[in-house]
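Working through the structure, step by step
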Amino acid sequence: MGRFGLIFKSIAKGRVTEKYPFAPIELPEGFRGKPEIDPEKCIGCGACATVCPPSAIQIHVDEEQGYKTIDLFLGRCIFCARCEEVCPAEAIRLTKEFELAAASEEDLHQVVKLKMAKCAGCGRPFDTVRHLQFIAEKLPEEQKPMLALCPDCRAKLASKILTVAARRHR
Amino acid sequence: MVDKILAEYGAVVLDRNAKRLVVQVDDKQLRPLAEKLFESGFYYANGVGVDERGLGHDFAMYHVFASEKDKLYLVVKVSTSNLKLPSITPVIPGSNWAEREAMDMLGLEFEGHPEPERLILPDDWPKGVYPLRKEFDYNERPEFVERKPESTPQRTDVVQLPLGPYHPALHEPEYFEIHVDGEVITDAKYRGFHIHRGMEKLAEGRLTLNQVPFLAERICGICGFTHSIAYCQAVADAAGLDWPERAKYIGVILLEIERLHSHLLWVGVVFHLLGFDSGFMHMWRIREKVMDIAEALTGNRKTYGLVLIGGMRRDIDESRKNWVLKTLTELREETERVSKDIFGMKELINRIKGIGVLPKEDARALGVLGPVARASGIDTDVRRDHPYLAYDKLDFKVPVYPEGDVLARLLVRYDEIIESFRLLEQALSEMPQGDVMIEDYTIPSGRVGLGATEAPRGEDVHFVITGVESKVYRWHPRAPTYNNLPSVPIMLRGNNIADAPIIIASIDPCFSCTDHVAIVRKGKVIWKGPLGEGVKQVGR
Amino acid sequence: MMFKKSLWVFHLNSGSCNGCDIEVLNIFTPKQDVERLGIKLVGSPRHADAIAFTGPITRECLPKAIEAFMAVPEPKIVLAIGSCACGGGIWFDSYAVIGGIKEFYKILKEKHGIEPPTTIYIPGCPPKPEAIIYGVALARKAVEQKQKSEIFVEESDIDDAATLFKEATSTRHFIPKIEVIKRGE
């Protein structure tokens with residue numbers, strides 16, 4: 001009876017083949033598709049590049065031009081959505097887009113170039129303007145001027161302050 | 001009882017908890033201790049060579065033994081300062097490749113090893129460069145050296161059938177050489193490790209603790225999630241973490257979904273190899289629904305990417321839970337109906353009955369795992385013997401068949417499909433409320449951890465030593481096919497060449513997980529003597 | 001269009017984890033059933049019009065992959081399926097792999113003087129079966145390419161931090177009060 005049973009089952013089941021690529025398919029809520037950076041929101045902090053397991057997001061700093069480049073390469077992305085989880089500005093998110101095939105590798109890159117601010121002490125570009133503004137919102141007013149300095153100059157200043165304070169205390 | 005044996009051989013206990021025990025022994029005591037353990041029911045689970053110079057020690061070898069009876073994993077450590085260690089392969093054949101792996105990757109020398117040859121690294125890899133030593137950078141690419149010609153000379157007295165590395169019957173690049181006498185197989189040879197991707201070094205080098213689960217998941221595209229769970233269990237074991245209850249249940253749900261899709265896939269592939277393509281299509285049609293469930297719960301059909309050291313990244317909401325429960329009920333009915341029709345086909349059953357037999361004694365000696373062991377009458381299952389996640393709170397049966405043939409392996413997996421449906425229904429309806437992730441934890445450095453899970457193909461054992469700055473110092477996964485593959489030559493013994501594809505497929509081999517060399521001679525496995533010699537002996 | 005009729009595909013696994021391979025197999029099963037579109041898997045590279053590449057190309061596989069690649073007659077299409085084949089995936093800079101199809105072409109060019117053929121990149125880990133079908137449709141120019149490279153350059157006049165925040169070169173605003181804490185209190 002077995003093999004006839006299978007034949008009846010196939011007939012009773014009807015068509016199971018979907019019409020794709022001639023008709024779109026439905027995707028469930030929470031599908032992890034193409035990651036997209038919103039260039040207006042991105043602050044260039046680099047948290048996504050730090051957590052990305054395959055290093056599909058890479059950060060390059062061009063000190064001469066004063067730009068920080070965030071380069072998202074879809075051709076290496078594993079669609080794990082860790083970047084979405086850690087982004088403090090909610091700038092990167094995974095869309096439902098899965099039709100990502102491209103005829104050249106260049107088409108798989110999304111590049112965001114952000115302007116960097118020069119240090120008030122040494123004049124070296126050290127962080128993006130947007131990231132500094134983002135931090136400034138969270139800092140108390142009296143600490144904000146510290147943001148004008150790069151980490152090196154800031155450390156020097158801090159040690160100077162402490163020396164002065166210690167001397168006064170004595 | 002274990003303590004008595006250990007005390008007899010002067011083992012020093014380094015660390016212990018309810019599930020595992022770490023001891024150190026003197027290198028002179030290692031071989032007698034291993035022999036004694038093997039006699040008292042332990043099998044060889046994993047072997048890891050570690051360059052411990054970064055921890056202030058020398059090189060060391062960790063042998064992991066497991067026992068279902070004692071419900072214990074035993075980690076035996078031996079240190080060496082001159083790279084020389086005694087080999088335990090003469091007393092436990094299962095440690096053969098673990099030791100050869102350490103030779104290849106670390107340059108350790110095992111005195112008394114019967115087959116000290118290259119196993120993993122490609123033939124054009126220069127001698128004396130050991131990727132797992134700490135001075136080697138993970139992204140260093142040494143110059144190609146000239147490939148040696150094949151070590152086995154062409155022979156005229158037997159018919160050699162080369163199979164691979166690219167062959168229509170293989171979905172992964174592997175090289176088999178099958179020797180036949182008329183229609184009957186007399187010998188099989190295998191060169192693997194085409195898929196060595198250097199992931200252990202990558203985990204130590206570039207990735208952080210919370211990135212390794214994503215790497216572990218890519219050990220295998222079919223049963224990857226269980227690897228990432230095993231890794232996180234190992235780190236949790238090293239750091240003494242305990243996941244929230246709800247995360248444990250979600251872990252069980254996803255593991256069982258993975259088992260369902262893997263077994264349905266396997267059943268389909270077996271039917272395809274038997275020339276029964278309508279069965280193949282029916283099975284994969286049913287499997288498509290399982291993939292839809294996975295996609296709805298995790299956001300991806302495969303590589304779920306949901307697990308971190310602290311727990312699960314996504315929760316299952318109420319409406320989705322009910323939808324999954326409803327779909328599962330339909331699926332279970334459909335599977336049962338289709339299988340009833342399929343098992344009613346006498347010609348199919350007769351085709352796979354009595355071929356590829358693996359007797360129980362051979363199965364135990366080789367330490368085979370999972371469905372292959374259960375089809376040979378060995379009652380073993382990590383979910384029951386060494387419970388992890390929420391398995392100790394759920395009710396399930398472990399199917400065991402004594403026949404040891406391909407039919408028994410099909411029946412074991414079919415029963416497991418049905419048990420998976422039951423487990424899923426229980427886990428989904430009994431899932432407690434609460435958090436799914438702990439974020440507040442610290443991982444101490446230099447601690448040893450062990451994680452074991454029951455993958456669709458058998459037991460996965462992951463060994464971890466934690467490092468500083470949220471990195472792993474050493475991570476070594478062991479996949480079940482590693483232990484199951486040597487049983488293939490025994491199964492092939494005396495069968496027809498036409499049955500070879502189905503017999504090889506019946507262990508559900510996963511070459512991206514594993515690779516290894518085995519030689520069979522007139523049905524007897526030759527463990528001793530180098531590869532070329534073994535082949536020479538076959539000539540009559 | 002290069003191929004007007006049925007496209008025959010040879011599947012070349014160059015060290016993939018099986019995820020992409022199973023999805024390639026998946027498109028031949030009832031739900032997607034691409035044989036209705038004339039696409040067929042063939043067992044020998046010599047019968048094929050296209051190669052479906054999966055995996056990051058391991059060192060051990062490299063010479064074998066080159067041989068199989070050269071056996072496919074011209075003209076041919078390469079389908080780089082999955083993130084490993086497109087850009088090396090999570091192992092792109094490991095010692096044991098070459099790191100994706102682009103590095104593979106570099107080696108082909110250097111050692112054998114072969115120019116890269118038409119290549120379709122299909123990212124995904126693994127790509128959905130429908131994404132693979134879309135890639136094949138793209139190779140046959142049946143659909144428009146959606147994915148384009150995007151470059152955003154921020155336009156801004158501010159480039160020194162001193163104008164953003166009041167400069168902090170002098171110490172007098174910041175001197176904190178130091179309290180001495182004695183042990184045991």
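Residues numbered from 1 in each chain as written. Chains lettered and ligands numbered in written order. Predicted model: local features only at pLDDT ≥ 70, side-chain atom pairs only at ≥ 80, totals over all residues. Heavy atoms only, no water.

What follows covers the overall build of chain A. For chain A, the count of helices and strands is five helices and six strands. The secondary structure elements of chain A, listed N-terminal to C-terminal, are α-β-α-β-β-α-β-β-β-α-α. Overall, the C-alpha framework of chain A stretches about 100 × 35 × 25 Å when taken along its three principal axes. In chain A, which comprises 170 residues, the share counted as buried stands at 51%. Expressed as a percentage of contacts within chain A between residues at least 6 apart in sequence, the contacts between residues at least 24 apart total 65%. Seen as two clouds, the 26 positive and the 23 negative side-chain charges of chain A have centres 6 Å apart. (Helix = DSSP H or I, 4+ residues; strand = E, 2+ residues; numbered from the N terminus. Buried < 20%, exposed > 50% of the residue type's maximum accessible area, 1.4 Å probe, protein only. Contact = heavy atoms within 4.5 Å. Lys, Arg positive; Asp, Glu negative; His and termini not counted. Charge placed at Lys NZ, Arg CZ, Asp CG, Glu CD.)

Along chain C, the regular secondary structure elements total six helices and six strands. For chain C, the sequential pattern of α-helices and β-strands runs β-α-β-β-α-β-α-α-β-α-β-α. Across chain C, contacts joining residues at least 24 apart in sequence account for 76% of those joining residues at least 6 apart. On chain C, roughly 8000 Å² of surface is accessible, and the fraction owed to carbon and sulfur atoms is 53%. (Areas by Shrake-Rupley, 256 points an atom, 1.4 Å probe, with all protein chains shown as cover.)

Let us now look at the packing of aromatic side chains. Residue and element names in this part refer to chain B. According to the stated counting rule, one finds 19 aromatic pairs over all chains in the structure shown. Seen from their ring centres, Tyr44 and Phe65 are 5.6 Å apart, and the 85 degrees between their planes marks the pair as edge-to-face. Here Tyr44, found in strand β3 (residues 43–51), pairs with Phe65, found in strand β4 (residues 59–67); they are 21 residues apart in sequence, far enough to count as distant. Of the two residues, Tyr44 and Phe65, neither departs from the other in class, the shared state being buried. Ring centres 5.9 Å apart and planes at 80 degrees place the aromatic pair Tyr231 and Trp475 in the edge-to-face group. Placement of Tyr231 in helix α6 (residues 224–239) and of Trp475 in strand β15 (residues 472–478) is noted, with a sequence separation of 244 residues between them. (Phe/Tyr/Trp six-rings, centres within 6.5 Å; stacked < 30°, edge-to-face > 60°.)

Facing 69 residues of chain A, the contacting portion of chain C comprises 55 residues. Regarding the contact of chain A and chain C, the summed buried area is about 5500 Å², with carbon and sulfur atoms giving 63% of it. For the pair chain A and chain C, the interface holds six salt bridges. Put simply, C:Lys146 and A:Glu97 hold a salt bridge, and the shortest N to O gap is 3.5 Å. Here chain A and chain C share 23 residue pairs in polar contact (both at pLDDT 80 or more) between them. (Buried area = accessible area lost by both parts, 1.4 Å probe. Salt bridge = Lys/Arg side-chain N within 4 Å of Asp/Glu carboxyl O. Polar contact = N/O pair within 3.5 Å; in protein donor to acceptor, adjacent residues only side chain to side chain.)

What follows concerns the pairing of strand β3 (residues 67–73) of chain A. Residues and elements named next belong to chain A. Most of β3 sits out of view: seven of its seven residues are buried. Looking at chain direction, strand β2 (residues 57–62) and β3 are connected through six bridges and run antiparallel. If you follow Val61 over to β3, its bridge partner there is Lys68. Here β2 hands over to β3 after four residues, with Gly66 in that stretch at a positive phi of 75 degrees. Alignment of β3 against strand β5 (residues 109–118), held across seven bridges, turns out to be antiparallel. Note that in β5 the partner of Leu72 across the bridge is Gln110. (Pairing = 2+ DSSP bridges.)

Bringing the pattern of salt bridges into the picture now. Applying the stated rule across the entire model yields 55 salt bridges over all chains. Residue A:Glu105 is joined to C:Lys102 by a salt bridge in which the shortest nitrogen-to-oxygen separation is 2.4 Å. Of this pair, A:Glu105 sits in the loop between β4 (92–94) and β5 while C:Lys102 sits in helix α4 (residues 101–112), placing the two residues on different chains. B:Arg332 is the salt-bridge partner of B:Glu425, the closest N and O atoms lying 3.0 Å from each other. Here B:Glu425 is found in helix α14 (residues 406–430), whereas its partner B:Arg332 is found in helix α9 (residues 318–343), with 93 residues between them in sequence. A single network of salt bridges, built from pairs that share partners, joins B:Glu256, B:Arg259, B:Arg374, B:Asp381, B:Arg383, B:Glu416 and B:Glu454.

Our next topic: α9(B). End to end, α9(B) covers 37 Å across 26 residues, agreeing with the expected 38 Å (1.5 Å per residue, within 8%). Turning to α9(B), its buried residues number three or more, namely B:Lys321, B:Val324, B:Thr327, B:Leu328, B:Leu331, B:Glu334, B:Thr335, B:Val338, B:Ser339, B:Asp341 and B:Ile342. The elements touched by buried residues of α9(B) are α1 (2–13) of chain A together with α7 (245–273), α8 (277–298), α10 (346–352) and α14 of chain B. (Expected span 1.5 Å × (residues − 1).)

Whenever strands of a sheet pair, they do so through backbone hydrogen bonds, lying parallel or antiparallel. All names here are of chain B. Strand order across the open sheet formed by five strands is β1-β2-β5-β4-β3, with mixed pairing between neighbours. Two strands lie at the open edges of the sheet, namely β1 (12–16) and β3, each paired on one side alone. Averaged over all pairs of adjacent strands, the angle between their axes in this sheet comes to 20 degrees, without regard to strand direction. Where strand β2 (residues 20–24) lies against strand β5 (residues 72–80), five bridges are found, and the strand directions are parallel. When the bridges of β5 are listed, Leu21 appears paired with Leu74. (Axes fitted to C-alpha atoms, helices over the stretch in contact; angles between N-to-C directions.)

What follows concerns the interface of chain B and chain A. Every contact between the two is made by 31 residues of chain B and, on the other side, 25 residues of chain A. Where chain B abuts chain A, roughly 2200 Å² becomes buried across the two surfaces, and 48% of that area is made up of carbon and sulfur atoms. When the area that chain B buries against chain A is broken down by residue, the three leading residues are B:Gln211, B:Arg313 and B:Asp341, summing to 23%. Between A:Glu85 and B:Arg313 there is a salt bridge, with the nearest N and O atoms lying 2.7 Å from each other. If you look at where chain B meets chain A, you find 16 residue pairs in polar contact (both at pLDDT 80 or more). Listed by contribution, the elements that provide at least two residues to the side of chain B that touches chain A are α8 and α9 of chain B. Residues belonging to the side of chain B that touches chain A are distributed by class as follows: ten nonpolar, ten polar and eleven charged. (Nonpolar A, V, L, I, M, F, W, Y, C, P; charged D, E, K, R; others polar.)

Here the focus is the state of the cysteines. Residues and elements named next belong to chain A. Under the defined criterion, the tally for this structure stands at zero disulfides over all chains. Cysteine Cys52 shares no disulfide, and the gap to the nearest cysteine sulfur, in Cys80, comes to 6.2 Å. Classification of Cys52 as buried rests on a relative accessible area of 12%. (Disulfide = S-S within 2.5 Å.)

The grouping of A:Phe4, A:Ile7, A:Phe8 and A:Ile11 at the surface amounts to a nonpolar patch, some 440 Å² of accessible area in total. Mapped onto the secondary structure, A:Phe8 falls in helix α1. (Patch = residues over 30% accessible without salt bridge, like charges linked within 9 Å, V, L, I, M, F, W, Y side chains within 5 Å.)

A few words now on the sheet that holds strand β4 (residues 77–81) of chain C. All names here are of chain C. If you trace the five strands from one edge of the open sheet to the other, you get β2-β1-β3-β4-β5, paired in parallel fashion. With one partner strand each, in any of the chains shown, β2 (40–42) and β5 (118–122) form the two edges of the open sheet. Looking at each pair of strands side by side, their axes are set apart by 30 degrees on average, direction ignored. Judged from the five bridges that link them, β4 and β5 form a sheet pairing that is parallel. Within β5, the residue paired with Leu79 across the bridge is Ile120. Sheet strands in contact with helix α2 (residues 62–71) are β1 (8–13), β3 (50–54) and β4, and its direction is about 170 degrees off that of β1. Packed onto the sheet, helix α5 (residues 129–139) meets β4 and β5 and runs at close to 155 degrees relative to β5.

Note on backbone geometry: most residues besides glycine have negative phi, and most peptide bonds are trans. Geometrically, the link from A:Tyr20 to A:Pro21 is a cis peptide bond, its omega value of 10 degrees lying close to zero. With respect to the element layout, A:Pro21 can be found in the loop between α1 and β1 (35–37). Here the amide bond leading from C:Glu74 into C:Pro75 is cis, since omega sits at -10 degrees, within 30 degrees of zero. Tracing the backbone through its elements, the reader meets C:Pro75 in the loop between α2 and β4. Despite not being glycine, A:Ser55 has its phi angle at roughly 55 degrees, a positive value. Within the secondary structure, A:Ser55 sits in the loop between α2 (47–51) and β2. Although it is not a glycine, A:Phe79 sits at a positive phi angle of roughly 55 degrees. Among the structural elements, A:Phe79 can be located in the loop between β3 and α3 (82–86).

A word on the packing of α8(B) against helix α1 (residues 19–26) of chain C. Across the interface, α8(B) lies against α1(C) with an axial gap of 12 Å and an inter-helix angle of 120 degrees. Classified by the interaxial angle, the pair formed by α8(B) and α1(C) is oblique. The handedness of the crossing between α8(B) and α1(C) is left-handed. Contacts from B:Trp284, B:Arg287 and B:Glu288 of α8(B) reach α1(C) at C:Ile22, C:Leu25 and C:Asn26. For the contact of α8(B) with α1(C), a count of residues per class yields three nonpolar, one polar and two charged. (Parallel < 35°, antiparallel > 145°, perpendicular 65-115°, else oblique. Left-handed = near helix turned anticlockwise from the far one by under 90°.)

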